[in-house]
Amino acid sequence: MGTQVRTRVSAYAIAAEDGRILLARLSDASPVFAPGLWHLPGGGIDPGEQPVEALARELLEETGLELADARLADARTYAARRNGVSWSLTALFYVVTLRGGAPEVTETDGSTDEVAWIPLAGLRDGGLLSPAAADALGILEQAGTATSALPR
């Protein structure tokens, strides 16, 4: 029996402020990365959808927050295997500014079961981040964005 391989292009938000980063905890419905990991808000780009439109849609679903501004910072690829599917994921990372408000998951039965502003201090030491979320910490440092928020 052959292995099913799927390709996915996704847009992810890197939102950092006051020494914290906005992360979404993956639920059992997560198609690519394991449930329980903290991941960046965002997700798959639908056919015909522009990346920033997908990012705004996913942010609203996963965090209840509106996108105010987005700047493409990096792109990375990942290989993952979950539920018998081998994934080839291309991730577009956007450093974003959000409209105010408290984050809350608005999509029911989606790939996110919790969203929170998580302190940046100590995140590198834990194994609780998805590969994309772990890479986002380096992207923040490299971009010089929110450097005052990053632990020294």
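The preceding data block contains the structure.
Since the model is a prediction, treat every value here as computed from it, not as a measurement. (Residues numbered from 1 in each chain as written. Predicted model: local features only at pLDDT ≥ 70, side-chain atom pairs only at ≥ 80, totals over all residues. Heavy atoms only, no water.)

(A) Representation of helix α1 (residues 51-63) within the structure. With 13 residues, α1 ought to run about 18 Å at 1.5 Å a step, and its terminal C-alpha atoms sit 18 Å apart, in line with that. Listed as buried for α1 are A54, L55, E58, L59, E62 and T63. Around the axis of α1, the buried residues are gathered within 135° of arc, so they sit on the same side. In this structure, the buried residues of α1 make contact with β1 (4-14), β3 (20-26), β5 (42-44), β6 (67-82), β7 (85-98) and β8 (112-119). Note on α1: the residue one or two positions beyond its end, G64, has a positive phi of about 75°. (Helix = DSSP H or I, 4+ residues; strand = E, 2+ residues; numbered from the N terminus. Expected span 1.5 Å × (residues − 1). Buried < 20%, exposed > 50% of the residue type's maximum accessible area, 1.4 Å probe, protein only. Arc of directions from axis to C-beta. Contact = heavy atoms within 4.5 Å.)

(B) Structural view of the nonpolar core. Counting 28 residues, the largest nonpolar core has I14, I21, L23, L40, F93 and L123 as the members making the most contacts within it. Looking at this core, the elements with two or more residues in it are β1, β3, β6, β7, β8 and α2 (131-143). It is α2 that provides the largest number of residues to this core, a total of six residues. In this view, L23 contacts W38, H39, L40, P41, E114, V115, A116, I118, L123, L129 and A133; residues no more than four positions away in its chain are not counted. If you look at the next biggest cluster of nonpolar residues, it comprises 14 residues, including A15, L59, V96 and V115. (Core = buried A, V, L, I, M, F, W, Y, C linked by side-chain atoms within 4.5 Å.)

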